[in-house]
Amino acid sequence: SGERRVTFNIIAKPLTQDDVSISLIENQIFTGNPITPKPTVKYGDETLEENTDYELIYADNTGAGTATITINFKGNYSGTATTNFEIIAKDLTNDDNLTSSVIPAQTYTGDPIEPKPEIKYGDKVLEEGKDYTLTYENNTNIGNATVKVEFIGDYTGETEYPFVIQVKEANADNTVISDIEAAAY
């Protein structure tokens, strides 16, 4: 009879991308905030637990495009795996949160008139060249004109805003009356 003690080390099982299955993540719509979907991670038939068996690290998960999730295994497992998901641009066509400053009536100049409306999505002021581009129609002569907005980058869709080009009022400051030479009739 007797007792024998043996010391041994339990080491974490190394896992690779090929050892695990990671659920597909559906496309996410741009929100302006970091997007952090939670994939299901399985090793064989066992569903692993976040914060016990692995932790998630996100990259490029705010703007439209491809985001990456790195899965760092821990606890009884070691190693890493990755998965991707797409963040798609938010369609602002007919969105009730989209607003624009009113374009006041413009005065005819003979040249194309290109007013720049302030365009907001909720409380965020959007930037021309980053969030949208502007094009104009019928913007030289007196009458109704249009500024067309095409959303780009993290946004998609289009909208348009009307404005009016009005007659330039004649007054003493902008009118020159020259003398008429005497002539015999």
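What you are looking at is a predicted structure, and each value in this text was computed from that prediction instead of being measured.

Enquirer: Go over the nonpolar core, please, and point to the residues and values.
Expert: Core analysis: the biggest nonpolar cluster contains 36 residues, and Ile71, Phe73, Phe85, Ile119, Leu126, Phe151 and Phe163 have the highest contact counts within it. Mapped onto this core, the elements with two or more residues apiece are β2 (20-22), β6 (54-59), β7 (65-73), β9 (80-88), β15 (132-137), β16 (143-151) and β18 (158-166). Residue contacts for isoleucine 71: discarding those within four places in its chain leaves Ile22, Val41, Tyr54, Glu55, Leu56, Gly79, Thr80 and Ala81.

Enquirer: Give a detailed account of the sheet that holds strand β14 (residues 124-125), specifying residues and quantitative values.
Expert: What the three strands build is an open sheet, ordered β11-β13-β14; its pairing is antiparallel. Because the sheet does not close on itself, it has two edges, and the strands there are β11 (98-100) and β14.

Enquirer: Can you lay out the environment of phenylalanine 73 for me, pointing to particular residues and giving the numbers?
Expert: Summarising the element assignment, phenylalanine 73 is placed in strand β7. By relative accessible area, which is 8% here, phenylalanine 73 ends up buried. Considered as a pair, phenylalanine 73 and valine 20 are 53 residues apart in the sequence and their alpha carbons are 11 Å apart. Aside from chain neighbours lying at most four places away, what touches phenylalanine 73 is Leu15, Val20, Val41, Leu48, Asp53, Tyr54, Ser78, Gly79, Thr80 and Ala81.

Enquirer: Report on the sheet that holds strand β4 (residues 41-43), specifying residues and quantitative values.
Expert: Spatially, three strands are ordered β2-β4-β5 in an open sheet, and the strand pairing comes out antiparallel. What marks the edges here is a single partner per strand, and that holds for β2 and β5 (46-47).

What counts as what
Residues numbered from 1 in each chain as written. Predicted model: local features only at pLDDT ≥ 70, side-chain atom pairs only at ≥ 80, totals over all residues. Heavy atoms only, no water. Core = buried A, V, L, I, M, F, W, Y, C linked by side-chain atoms within 4.5 Å. Buried < 20%, exposed > 50% of the residue type's maximum accessible area, 1.4 Å probe, protein only. Helix = DSSP H or I, 4+ residues; strand = E, 2+ residues; numbered from the N terminus. Contact = heavy atoms within 4.5 Å. Pairing = 2+ DSSP bridges.

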